[in-house]
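Summary of the model geometry
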Amino acid sequence: MDPHRSHLASGKSGRGNFLNTPDSEWFSQRLYGTMLVMAVAFTVLVVRLLHLQLIEGQEYRRLSEINSIRLQSIDAPRGLMMDRNGRLLVDNRPAFDLKIVLKDARPVKDTIAKLARYTGLDRQELLDKVALARGRSGIKPILLKSDIGRDAMAAVEVHNWDLPGIVVQVSPKRHYLKKGFAAHVLGYMGEINASELRKERFRDLRPGDYVGKFGLEKTYETILRGKRGGRQVEVNASGQVVRVLKTVPARPGHNLVLTIDYDLQALAESLMEGKAGAVVALDPRNGQVLAMASSPAFDQNIFISGMSRRQWKELVANPDHPLENKAIQAEYPPASTFKIVTAIAGLEEGVIDETSTVNCPGHYRYGNRTYRCWRHAGHGEMDVIQALAQSCDVFFYQLGQQLGVDRIAEYARRLGLGKVSGIELDHESRGLIPTEAWKLRRFGQPWQKGETLSVAIGQGFDLVTPLQMAVLIAAVGNGGRIYRPVLVDMIKSAEGTVVERSRGQIVANLDVSRKNLELVRKGLWAVVNHPRGTAHASRLDWVEFAGKTGTAQVVGRADNGRAGRELADQYKPHAWFVAYAPADDPVMAVAVMVEHGEHGSSAAAPIARQLIAARLAREMPLPPKAYREAGND
Amino acid sequence: MIDRRLIQYFDWGLLGLTVLAGALGLVALYSAVNAGSPATQKILFTKQLIWYGAGAVAMVLSFLVDYKFFERWGHLIYTGTILLLVAVLISGKYVAGSRRWLALGPFSLQPSELAKIAVIIILARYYARTATTDGLGFKELLQPVALTAVPFALIVKQPDLGTAMVIALIAASMTVFVKIERRCFFSLLATGAMAVPLVWFLLKDYQKQRILTFLDPDRDPLGAGYHIIQSKIAIGSGMITGKGFLRGTQNTLEFLPEQHTDFIFSVLAEEWGLLGAVLLLGVFFMLLAWGLSIAHRSRDPFGTILAVGVTVMIAWQVFINIGMVMGLLPVVGVTLPFVSYGGSSIITVMIGIGLLLNVSMRRFMYE
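Keep in mind the model is a prediction, meaning the values are calculated, not measured.

Digging into the overall build of chain A
Secondary structure assignment for chain A yields 24 helices and 23 strands. Computed over C-alpha atoms, the radius of gyration of chain A comes to 36 Å, more than 25% over the 26 Å expected from 2.2 N^0.38 for 633 residues, which places it beyond the range of a compact globule. Counting all 633 residues of chain A, 52% fall into the buried class. Taking all contacts inside chain A whose residues are at least 6 apart in sequence as the whole, residues at least 24 apart take part in 70%.

Re the overall build of chain B
When helices and strands are tallied, chain B shows 15 helices and three strands. Relative to a compact globule of 367 residues, whose C-alpha radius of gyration would be 21 Å, chain B shows 21 Å and is just as compact. C-alpha extents for chain B along the principal axes are approximately 60 × 55 × 40 Å. Put simply, chain B has 367 residues, and 56% of those count as buried. Sequence-distant contacts, at least 24 apart, represent 74% of the contacts inside chain B between residues at least 6 apart. Surface exposure of chain B reaches about 15,300 Å², of which carbon and sulfur atoms provide 70%. For chain B, the separation between the mean place of its 28 positive charges and that of its 20 negative charges on side chains is 4 Å.

What about the packing of aromatic side chains?
Taken as a whole and judged by the stated rule, the model has 26 aromatic pairs over all chains. Consider the rings of Tyr-126 of chain B and Tyr-127 of chain B, whose centres lie 5.6 Å apart with planes at 65 degrees: the pair is edge-to-face. The class of Tyr-126 of chain B is buried, set by a relative accessible area of 12%. Consider the rings of Phe-284 of chain B and Phe-338 of chain B, whose centres lie 6.3 Å apart with planes at 35 degrees: the pair is tilted. Of this pair, Phe-284 of chain B sits in helix H13 (residues 264-297) while Phe-338 of chain B sits in the loop between helix H14 (301-325) and helix H15 (343-361); the two residues are 54 residues apart in sequence, bridging distant segments of the chain. The burial state of Phe-284 of chain B is the same as that of Phe-338 of chain B; both residues are buried. Sitting over the face of the ring of Tyr-371 of chain A, Arg-369 of chain A holds its NZ or CZ atom 4.5 Å from the ring centroid. Over the aromatic face of Phe-443 of chain A sits the side chain of Arg-442 of chain A, whose NZ or CZ is 4.9 Å from the ring centroid.

Looking at the environment of Ala-581 of chain A
Residue and element names in this part refer to chain A. Relative to the helices and strands, Ala-581 resides in strand E22 (residues 574-581). When the C-alpha atoms of Ala-581 and Arg-30 are compared, they prove to be 89 Å apart, with 551 residues separating the residues in sequence. Apart from the residues lying within four places of it in its own chain, the contact partners of Ala-581 are Phe-545, Pro-586, Val-587, Met-588, Ile-612 and Leu-616.

Side note on the domain arrangement of chain A
Per the domain assignment, the segments of chain A are domain 1 (18-55), domain 2 (70-258) and domain 3 (262-296 + 326-632). The C-alpha-based centres of domain 1 of chain A and domain 3 of chain A are spaced at 84 Å.

Describing the interface of chain B and chain A
On the chain A side, the residues contacting the 64 residues of chain B number 49 residues. Taking both sides of the interface into account, the surface hidden between chain B and chain A amounts to around 5,100 Å²; carbon and sulfur atoms contribute 72%. One can count zero salt bridges joining chain B with chain A. At the surface where chain B touches chain A, the tally comes to eleven residue pairs in polar contact (both at pLDDT 80 or more). Counting residues per element, the ones that place at least two in the side of chain B that touches chain A are helix H8 (161-177), helix H11 (224-237), helix H12 (249-252), H13 and H14 of chain B.

What about the sheet that holds strand E12 (residues 289-295) of chain A?
Residues and elements named next belong to chain A. Read across the sheet, five strands follow the order E12-E11-E23-E22-E21 without closing on themselves; strand pairing throughout is antiparallel. Every other strand in the sheet has two partners, leaving E12 and strand E21 (546-552) as the edge strands with one partner each. Strand-to-strand twist in this sheet, taken as the mean axis angle between neighbours without regard to direction, amounts to 5 degrees.

Structural notes on empty space enclosed by the protein
Residue and element names in this part refer to chain B. Evaluation of the coordinates by the stated rule reveals five cavities of 30 Å³ or more. The space that makes up the second largest cavity amounts to roughly 50 Å³. Lining the second largest cavity are Glu-113, Lys-116, Met-313, Ile-314, Gln-317, Pro-337, Ser-345, Thr-348 and Val-349. If you list the elements that add at least two residues to the lining of the second largest cavity, you get helix H6 (111-130), H14 and H15.

So, unusual backbone geometry
Pro-582 of chain A follows Ala-581 of chain A through a cis peptide bond whose omega is -10 degrees. Cis geometry is found at the peptide bond from Gln-158 of chain B to Pro-159 of chain B, where omega equals -5 degrees. In this fold, Pro-159 of chain B is placed in the loop between helix H7 (138-157) and H8. Non-glycine residue Ser-391 of chain A carries a positive phi angle of around 55 degrees. With respect to the helices and strands, the residue Ser-391 of chain A is situated in the loop between helix H16 (384-390) and helix H17 (393-403).

Some thoughts on the pattern of salt bridges
Using the criterion set out here, one finds 30 salt bridges over all chains in the structure. Ionic pairing is found between Glu-234 of chain A and Arg-62 of chain A, a salt bridge with its closest N-O pair at 3.6 Å. With a gap of 172 residues between them, Glu-234 of chain A in strand E8 (residues 229-235) and Arg-62 of chain A in helix H3 (residues 57-65) connect regions that are remote in the sequence. Arg-62 of chain A gets classed as partly exposed once you look at its relative accessible area, which sits at 37%. One salt bridge connects Lys-68 of chain B with Asp-300 of chain B, and the closest N-O pair in it is separated by 2.5 Å. One end of the pair, Lys-68 of chain B, is in helix H4 (residues 67-72); the other, Asp-300 of chain B, is in the loop between H13 and H14, with 232 residues separating them in the sequence. No difference in accessibility class separates Lys-68 of chain B from Asp-300 of chain B, as the two residues are buried. Each of Arg-78, Arg-174, Glu-217, Glu-221 and Arg-225 of chain A takes part in salt bridges that share partners, so that together they form one network.

A short note on the nonpolar core
Within the largest apolar cluster, 120 residues are counted, with the highest numbers of intra-cluster contacts made by Phe-265 and Phe-338 of chain B. Those residues in contact with Phe-338 of chain B that sit more than four places away from it in its chain are Thr-18, Ala-21, Gly-22, Gly-25, Tyr-52, Phe-284, Leu-287, Ile-346, Val-349, Met-350 and Ile-353 of chain B. Counting residues in hydrophobic clusters, the runner-up holds 104 residues, among them Cys-392, Ala-409, Ala-474 and Val-520 of chain A.

A word on the packing of helix H5 (residues 108-119) of chain A against helix H7 (residues 150-158) of chain A
Residues and elements named next belong to chain A. At a closest axis distance of 9 Å, the pairing of H5 and H7 adopts a crossing angle of 130 degrees. One finds that H5 runs oblique with respect to H7. Note on packing geometry: the crossing formed by H5 with H7 is right-handed. For the pair H5 and H7, contact is made by Leu-115, Tyr-118 and Thr-119 and by Ala-152, Ala-155 and Val-156, respectively.

Re the sheet that holds E8 of chain A
All names here are of chain A. Taken in spatial order, the three strands line up as E1-E8-E9 in an open sheet, and their pairing is antiparallel. The two strands at the open ends of the sheet, each matched to only one other strand, are strand E1 (69-74) and strand E9 (241-248). Each neighbouring strand pair of the sheet contributes to a mean axis angle of 30 degrees, computed without reference to strand direction. Across six bridges, E8 lies against E9 in antiparallel orientation. Looking across to E9, one finds that Glu-234 is bridged to Arg-243.

Overview of a nonpolar patch on the surface
Nonpolar side chains collect at one region of the surface, where Val-60, Leu-64, Val-65, Phe-69, Trp-73 and Leu-76 of chain B lie side by side and expose about 500 Å² of accessible area between them. Locating Leu-76 of chain B in the fold gives a position in helix H5 (residues 74-91).

Things to note about the state of the cysteines
All names here are of chain A. If you walk through the whole model with that rule in mind, you get zero disulfides over all chains. Of all cysteine sulfurs, the one in Cys-392 lies closest to Cys-360, which takes part in no disulfide; the gap is 3.7 Å. Classification of Cys-360 as buried rests on a relative accessible area of 3%. Distance from the sulfur of Cys-373, which forms no disulfide, to the nearest cysteine sulfur (Cys-360) is 4.0 Å.

Looking at the environment of Lys-204 of chain B
Residues and elements named next belong to chain B. Topologically, Lys-204 is positioned in the loop between helix H9 (182-202) and helix H10 (205-215). Judged by its relative accessible area of 54%, Lys-204 is exposed. Taking the C-alpha atoms as reference points, Lys-204 and Met-365, separated by 161 residues in sequence, lie 55 Å from one another.

Reading the values: the criteria
Residues numbered from 1 in each chain as written. Chains lettered and ligands numbered in written order. Predicted model: local features only at pLDDT ≥ 70, side-chain atom pairs only at ≥ 80, totals over all residues. Heavy atoms only, no water. Helix = DSSP H or I, 4+ residues; strand = E, 2+ residues; numbered from the N terminus. Rg over C-alpha atoms; globule rule 2.2 N^0.38 Å. Buried < 20%, exposed > 50% of the residue type's maximum accessible area, 1.4 Å probe, protein only. Contact = heavy atoms within 4.5 Å. Areas by Shrake-Rupley, 256 points an atom, 1.4 Å probe, with all protein chains shown as cover. Lys, Arg positive; Asp, Glu negative; His and termini not counted. Charge placed at Lys NZ, Arg CZ, Asp CG, Glu CD. Phe/Tyr/Trp six-rings, centres within 6.5 Å; stacked < 30°, edge-to-face > 60°. Lys NZ or Arg CZ within 6 Å of the ring centre and 35° of its normal. Domains from an automatic or database assignment. Buried area = accessible area lost by both parts, 1.4 Å probe. Salt bridge = Lys/Arg side-chain N within 4 Å of Asp/Glu carboxyl O. Polar contact = N/O pair within 3.5 Å; in protein donor to acceptor, adjacent residues only side chain to side chain. Pairing = 2+ DSSP bridges. Axes fitted to C-alpha atoms, helices over the stretch in contact; angles between N-to-C directions. 1 Å grid on protein atoms, 1.4 Å probe; cavity = no way out; pocket = protein on both sides within 12 Å on 5 of 7 lines; lining within 4 Å. Points joined across faces, edges and corners; volume = space filled by probe spheres on them. Core = buried A, V, L, I, M, F, W, Y, C linked by side-chain atoms within 4.5 Å. Parallel < 35°, antiparallel > 145°, perpendicular 65-115°, else oblique. Left-handed = near helix turned anticlockwise from the far one by under 90°. Patch = residues over 30% accessible without salt bridge, like charges linked within 9 Å, V, L, I, M, F, W, Y side chains within 5 Å. Disulfide = S-S within 2.5 Å.

Have a look at this one:
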């Protein structure tokens, strides 16, 4: 050991310090200093202890005996939802919750008996609620019954003095103004479950709280919710607040201004009444969803007020799946609406041009099979415009066969099929666009050439959602821009300042030559406006729109020969119609799907026609005569 | 094989104080987890006993090995701890928004607790070589500042501000103990004073709010402010003799937040009153004085500075924790040594005691 550092060597002489090396004595001094600081710190602690326990002890003992300082929470009003014109769709109504604070309510049995007498509520039911909460702290209010009526509330208030520990708390409950309106878009709320409670974004929440479970309520949960506030209060022996010590105000949630057009949505829903299916209307200039109706719908309010077992069974057992948002969750064969894709692929790949024609005799032989055109008499000589207008299957059989399934699939994907659109809703389906590789992977079998023919006319493996078709037809209408569909136009604070505003987000640009797209658009114009077009019956005489019909087989093509009315309802084909309006510079795109509607031209096109007429009558600068006509429509 | 003097010099007094502190701690914990709390908490008392068992083993291990060994390998201990701190940021368990725990089978380890010991050893090692009676200058301070800053930053990142702050305070205390050059000391002070408004200016609004709430719990009446009020009611209502074992009402009604960890002193003060609280404070004070006397009796600078480091670690935690529950200091997550529930906390303080015993029993070796 270094002798200079040793205690003995250093001594008092300081001899060891010629290198300024600390010696034992020097350390001693510093240790005394440290000791002094610690002594001071402990003195501070003891003085504080004396202050709390001796001087203020009595007062604290009193406060502790009645556990008088409590926290009360203040609910944050949840954000409202409005349509694009500011019309209120969802708000909150006050609900009265009956609660009991066990510690203040003793003897609990007597109090409950009196409560049952005054309010007419079932005594046993109330006692059961109390029993359930056994073991919990006595000062936390226990919910006896939520959403009691005004009469019961008044009874409690009147007999307040005789009901110690019984409190009525006002809590806001979600309220959907029009029963079933846009149910699948707005969504609904439900009690938070255990797995949600563990999530980081629900950290402020407690068991019993409601959170969005479906639709926009779910997607925008954190924005709508706001932040709970609270009060520190002092209560007296019977639990009544003597004074409010401190308050943290609740911060209300933000409001949502939707892109939905109330009138259009209501019209779509009434037109779909009694049918199963979906309607999607978009603004092709920015991807905003003007209407999204899925039928049948349901009343969201029963999710809030608590539904009966029977109500739930009815919802789940209904074969038409009212809880499903058919616009984004249901997958259908696109049928003839898919010919738009096949036509674009054929033109772009140079397989056909505007001069190419095909003679349709009403059927097409391929391999050892005969594929029929829907018009058994045949269409005769067809170019691409006519083939679209009259939906000639033979033309597209041949075109599909020349293209091959993989080239068709490439264009289908470029038009947004086979993948989610990215709308702000959960559970969106991707649909299915088959390729050769897909079939090998899925079934372990090579692609059959004949299957390409089915795919070319939108049958076979092809599956799409109504929303995907709306995005597709909007892109054809707007010159090739695929927008991400949006439902929320603005997020506004409760005070009304705009927090966030949606901007049209282009997901992809369809790289198609102007000329070819124009050919397809001419074909779609002719569908409605040419006398032989499949949707000619649904034209409007004051505005020209363009579209495409589709009739999706639910059963094999072999049954096609029989007349529709001979088929039982569940075997009738689905009816499609996709359209944009006006044909030259569209401000609206729409996709209509009616399950088992039989024909796109008769079941789906008239619905699209009415929606177009209603929206355009308001949106377009037209002469008064046209307005009147539209109104009469 | 073993020097007979090792046994002869064994510090029974320190061991006795440790047992006393541990016993008081267990009594308080028993109240905290047994009175009115959910049944799931009752097991915590048994678990704490197991932790004390593990802590005893850790303590024995840390006094059996000559403390010169820790001096020689201090840099490796330090590096290993830093690696653990990095690991916890990468794969640690998320609990209530922060990553502090490394899962080790059924148990979990809090490397930030061990980092306290690692920093004490590495700084003692450095100061034992560089300290002079003139005090440290800027140049000598660079290395210890860096050695402290690395674990500090990693722990802030978790985030565990309480532990990070304790580490900074330990490092600062050890540095002041070995003396900073007067000129250097005052210019550091001045720089710090000037930096505060500058940093404040750079902070984002929500960060400022957080700091203000930290300094003044009343700004958060539903959280920290409410906890402090309930804690003060619990302590104050204990008065002189307390309400009696398992008779604490604040505790029974689950008013106290984290009653078995950070707020356990309130449980003790409520049930045992001024007498119990002062008894615990007295035991702590004797323990700290004992630690300093071990530092005093040590014959080499590393032993002295190491003993001081361990002592100030315990001192800061006692002062901050008890100051906090009495409403004197901001609300931070700092455990009360020997008393708060928690394996990493118990093991860390027991390692610290082991190091003190180590320095104490080997004081003859370096004469």
